[in-house]
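Structural overview for review
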Amino acid sequence: MKVRGLRISLFLAMGICVGCGLLGAYHLHAQQQQRSQINAFMLRKLDLAKDMLEGLTTDNMDKVTQSAQGLSTLSIESAWNVYTTEEYLDMSEDFRHSLSIVKNGAKSGNPDRATLGYINMTVQCVECHRFLKGKK
Ligand code: HEC
């Protein structure tokens with residue numbers, strides 16, 4: 001009797017372990033999938049920022065305007081707002097402000113102003129990432 005009871009509880013315990021393991025693995029997989037989606041989204045920022053530099057250095061103001069517009073659009077998408085703290089939203093607002101300097105400079109044929117906006121924007125990229133790192 002005693003041995004049998006022990007066997008059943010062992011069996012149950014094993015079942016629970018396997019179940020938890022599967023659940024854990026599934027959760028991790030879902031998390032990783034979400035992570036790589038976020039990274040793909042974030043990498044588009046880098047592409048657009050490179051386009052902007054290319055536009056500025058080749059005096060292609062259309063390219064500059066397009067990349068600034070693309071970055072503004074990204075920054076209001078839901079995938080951007082993985083964090084919704086006040087500081088994060090403020091930084092996003094500052095980021096958009098620097099993009100408007102770039103756009104205005106490019107549209108009014110003032111590459112110096114657009115370049116200043118680009119530098120401003122780059123500072124915002126770095127600031128926000130440093131802020132996020134500090135929070136982890
Ligand atoms: C307001 C905040 C904010 C600004 C501004 C910002 N980012 Fe990010 N960036 C993030 C977040 C959030 C992540 C995702 C990292 C995480 O999940 O912790 C990220 C991730 C990235 C990644 C992916 C890194 C990786 O681990 O794969 C790149 C590349 C990137 N950003 C480039 C840029 C560039 C280029 C700019 C400026 C043009 C910029 N970011 C501006 C918030 C920001």
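Structure report, in brief. Quantities reported herein were computed from a predicted structural model and do not represent experimental measurements. (Residues numbered from 1 in each chain as written. Predicted model: local features only at pLDDT ≥ 70, side-chain atom pairs only at ≥ 80, totals over all residues. Heavy atoms only, no water.)

**Re the pattern of salt bridges**
Under the definition given, this model contains two salt bridges. Across the salt bridge formed by Lys 63 and Glu 54, the nearest N and O atoms sit 3.5 Å from each other. With relative accessibility at 24%, the residue Lys 63 sits in the partly exposed group. A salt bridge links Arg 96 to Glu 93; the nearest nitrogen and oxygen atoms lie 3.3 Å apart. A residue pair is termed a helical-turn pair when its members lie 3 or 4 positions apart in one helix, as Arg 96 and Glu 93 do in helix H3 (residues 86-107) at three residues. The class for Arg 96 is partly exposed, based on a relative accessible area of 23%. (Salt bridge = Lys/Arg side-chain N within 4 Å of Asp/Glu carboxyl O. Buried < 20%, exposed > 50% of the residue type's maximum accessible area, 1.4 Å probe, protein only. Helix = DSSP H or I, 4+ residues; strand = E, 2+ residues; numbered from the N terminus.)

Treat this as a map of the structure, not an account of what it does.
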